[in-house]
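Chain residues, written in single-letter form:
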Amino acid sequence: MLPSAPNYRWRRNLSYGLLWFTGLFVWDALDSYFNLNRAMGRIQTDPTTVNALRGAVTEFIAGAALAYLCMGLMAGLMATLLCRIWAERIQSTRAWLGTLTSLFFISTCLGIARQLITFPSLYAWFPYRRHWAEFAEPMWVDIAWVAAIMTFVGLGWGRWGHDHPRQFFKRLSMAGLYAAAITALLQPIQPQRAQDNDGPNLVLIGVDALRLDRLGHFGNTRNTSPNIDKFLASSLVYTQAFTQIARTYPAWTTTLSGTWPTVHGIRDNLPTADKLVPDQALLPAVMRNAGYATGFATDDSRFSYMVPETGFEMIRQPVVGLQNFAISINEPRFRAFHGLLHNRVGFSFLPVQAYNQSFGSSYRPQQFVDWAVDGLAELSRSGKFFYAMHSCVLHVPGDRVYPWYRMFDQDGYTGKNRFKYSASGSSLIVNEIEGARGKKAEAIAIQDLKIYDSGIRMADDLVGAVLEELEQSGLADNTIVILFSDHGEEIWEPDLPYKWRGPNHGFHMYGEGHSNVVFAIRFPDGAHAGETVDSPIRLIDLAPTVAELFGLEWPSEVSGRSIMPLARGETEDADRLVYMETGLSEPRYWATGHKKYPFKRVSKRYEFDAEADQVYIRPKFLPRLIAAKDRAVQRGKYKLIWHALARGIRVDLYDRLADPINRVDLAEDYPEVVEALAKDLLPFLAGDGIDSPPIKDWVRLSRGAKRKDKRYRRRMKRLGGTMGPRQAAKP
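Residues numbered from 1 in each chain as written. Predicted model: local features only at pLDDT ≥ 70, side-chain atom pairs only at ≥ 80, totals over all residues. Heavy atoms only, no water.

Caption draft 1: Representation of helix α8 (residues 248–257). In terms of burial, α8 is largely enclosed, as 10 of its 10 residues are buried. When α8 is considered as a whole, its buried residues turn out to be T248, Y249, P250, A251, W252, T253, T254, T255, L256 and S257. In the segment just after α8, G258 is the residue with positive phi, at about 70°. (Buried < 20%, exposed > 50% of the residue type's maximum accessible area, 1.4 Å probe, protein only. Helix = DSSP H or I, 4+ residues; strand = E, 2+ residues; numbered from the N terminus.)

So, in structure tokens, the structure goes:
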């Protein structure tokens, strides 16, 4: 009979666990200090907001500290059970310290080894992270874990268990049950299954920053989008769909209201509090009033988010507030948290981390996919529903995690943008690579494009999961699915008409990569499957189209028109007018002589509402922002760009089919086209209180500004463009 063993000192094991995780917290906090300082330093604003920023950072660190204490307690309890397997009786202090230090050290090393593979951006300082991340597989570490556990149990068996097998297996069972309980507790969300309903239903899937030409359906040879390609093959596809502003919240407002930005008043992300919800009717409110359950899900709420006043009853989005807005710009590296508590338990300590792709270094896209599918299940319990989803994995910060960073021949690349974009198009985000020129700049841009393409594959998983759930539940038989992008993305090309800083959108009117968006409709009865419409449409046309398809009474005037007549082959008198405008921009994208904002840093446009814990654009800057917008109108193949100059005017004309990058200005060659498009542009200028000279003089009056623009002048000379005659000197 086994003699009774003394009671093990579980308190010292708990203390050791707490001490170990306190050390990990200090290590991670010190490593995060530089990033947090950068997050603070990039946002230079008024003292009140700076104090609020410090408070947000302090609150985040405090939440992380509590999470590490929780992990320390769980680890201490596990250590108590493991010590009982290792030794029959209580060990001496020296032996106990040796045992626990070995256990915690090996566990920490294995955890780091796995995270270096799955989330390499969390270890930017590690000298061999690229080599290990490209060489190893997570399964190798998992096998090492199993081998370590088996070795530990085997040694315990050899030390004393074979003499007392009943007691040994009792202790082993207790440890196994505890490990199983902790594993179950720390599991991410398990989505409920959707159920069939009467319908009809509408599912709107938005993919942020998705370019048309990077999909396999449109010729990309990389396998970026198997699920999207399958969807497009069975859908009605509009190849010439255009956003009105390449910024997420105003683009979504345009889409849901069916009105121009100049009508609904949302002119950039983070609008002023009184304009967060426009006066115009919005699609979710109209459908809710018609008896539909409504819901919205997104994985990024920094610059765009929904509120109940928009008409969405169920809203699933990351926590909105200053903490999310500021800290995510330079993500802290609390690695142990992401290893053990990146789940519902951990989110109770750090709510801002939940399903939040703006924390890109640690983002787990599958968790958002499951959360979004769970939202579909919730809405499916209603008789009919409207569900809108918005995936932002293509958006900066653009970090890539396992396995997506291994796609498309990225292995072997040694630049700083191996696992994330080299830079954003905005100076609000730190530019990691400055001064790149020539071949180096081209290599950086090629890698950025691979990162972008792998992000499409991440978004493609969401599309695939939603479509699969619709099929399995039977909802596909009574649900119309619309896939669209709120805007695209400008990627590097040789000889761009602006100064390149990184992938960008909404800063300028050049090119079509950020304005030509994905737009496709799949009907449950297979109508129009595989058909393509090449006539131009606008995002303002989505709401009127839904109103026609679902027989909705729209309570206010809309700017758009249903696109179904185009699908039925009905002809229209002329191509639909496409109007576009920039959001808040930066000098690197401006023509010479452009209007300037009355603040030096982009971040000074924001103001913080402490009571609401939300960030808005400063009301006093909004009129300046609107006045400084570049604008464009296009019909058919021609596109007219209006540059907002401080003095005088400048307009450029481009053949968007022959010159999609917009390098060669044709204004001097086709003044009659400039005049025709100017008539289309005038109402938008007038609506914003912008005066302009007679349109017959636009080409002539633009010549002086163009001659002052060295970049423009050199490009036109190099590419054979027509420069207007020099203006005569004033007498």
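The structure having been displayed, the exposition proceeds.
Caption draft 2: Quick look at the sheet that holds strand β3 (residues 241–242). Read across the open sheet, the 3 strands follow the order β8-β3-β11; overall the sheet is mixed. Because the sheet does not close on itself, it has two edges, and the strands there are β8 (516–517) and β11 (537–538). (Pairing = 2+ DSSP bridges.)

Caption draft 3: Quick look at the confidence of the model for the protein chain. Averaged over all residues, the pLDDT of the protein chain is 90; the fraction at 70 or higher stands at 94%. Per-residue pLDDT stays below 50 along residues 426–435; that stretch engages in 33 contacts with residues further than four places along the chain or on separate chains. (pLDDT = per-residue confidence, 0-100. Contact = heavy atoms within 4.5 Å.)

Caption draft 4: Quick peek at the pattern of salt bridges. One pass over the full model with this rule turns up 40 salt bridges. The residue R214 makes a salt bridge to D453 at a minimum N-O spacing of 2.6 Å. Taken together, the positions of R214 in the loop between β1 (201–207) and α7 (226–233) and D453 in helix α15 (residues 438–473) put the pair 239 residues apart, joining distant regions of the chain. For the pair formed by R214 and D453, the shared burial category is buried. The salt bridge involving R222 is made with D453; its shortest N-O contact spans 2.7 Å. Here D453 lies in helix α15 and R222 lies in the loop between β1 and α7, a separation of 231 residues in the sequence. By sharing partners, the salt bridges in this structure join R267, E581, K629, R631 and D688 into a single network. (Salt bridge = Lys/Arg side-chain N within 4 Å of Asp/Glu carboxyl O.)

Caption draft 5: Examining the sheet that holds strand β5 (residues 314–316) more closely. Judged by pairing direction, the sheet is mixed, and its 8 strands sit side by side in the order β5-β4-β6-β1-β7-β9-β2-β10 without closing on themselves. The sheet terminates laterally at β5 and β10 (532–533), the two strands that pair on one side only. Bridging between β1 and strand β7 (residues 479–484) involves 6 bridges; their strand directions are parallel. Residue pairing in the sheet places N201 in a bridge with T479 of β7. Contacting β4 (293–298), β5 and β6 (385–391), helix α14 (residues 365–380) crosses the sheet at an angle of about 170° to β6. (Axes fitted to C-alpha atoms, helices over the stretch in contact; angles between N-to-C directions.)

Caption draft 6: Just helix α5 (residues 138–161), in detail. With 24 residues, α5 extends 32 Å from end C-alpha to end C-alpha; this agrees with the ideal 34 Å at 1.5 Å per step. Within α5 the residues assigned to the buried category are P138, V141, F152, G156, W160 and G161. If you follow the buried residues of α5, they end up packed against α2 (47–86), α3 (93–118), α4 (129–135) and α6 (165–185). (Expected span 1.5 Å × (residues − 1).)

Caption draft 7: Structural context of the nonpolar core. Grouped together as the largest cluster of nonpolar side chains are 62 residues, with contacts concentrated most on Y387, L470 and L483. Looking at this core, the elements that each hand over two or more residues are β1, α7, β4, α14, β6, α15 and β7. Considering every element that reaches this core, the biggest residue donor is α15, with 12 residues. Sequence-distant contacts of Y387, that is, excluding residues within four places in its chain, are made with L202, V203, L204, G295, F296, A297, M314, A372, G375, L376 and L379. By size, the runner-up hydrophobic cluster in this structure holds 57 residues, among which are A241, Y249, V307 and W554. (Core = buried A, V, L, I, M, F, W, Y, C linked by side-chain atoms within 4.5 Å.)

Caption draft 8: Summary view of the pairing of strand β13 (residues 606–609). A one-sided burial pattern is seen for β13, the buried positions being Y606 and F608 and the unburied ones E607 and D609. Between β13 and strand β14 (residues 614–617), which follow one another and run antiparallel, lie 4 residues, and D613 among them has a positive phi close to 55°.

Caption draft 9: Focus on unusual backbone geometry. With omega at 0°, the peptide bond leading from G199 into P200 counts as cis. With respect to the element layout, P200 can be found in the loop between α6 and β1. Y402 connects to P403 through a cis peptide bond whose omega is 0°. Within the secondary structure, P403 is located in the loop between β6 and α15.

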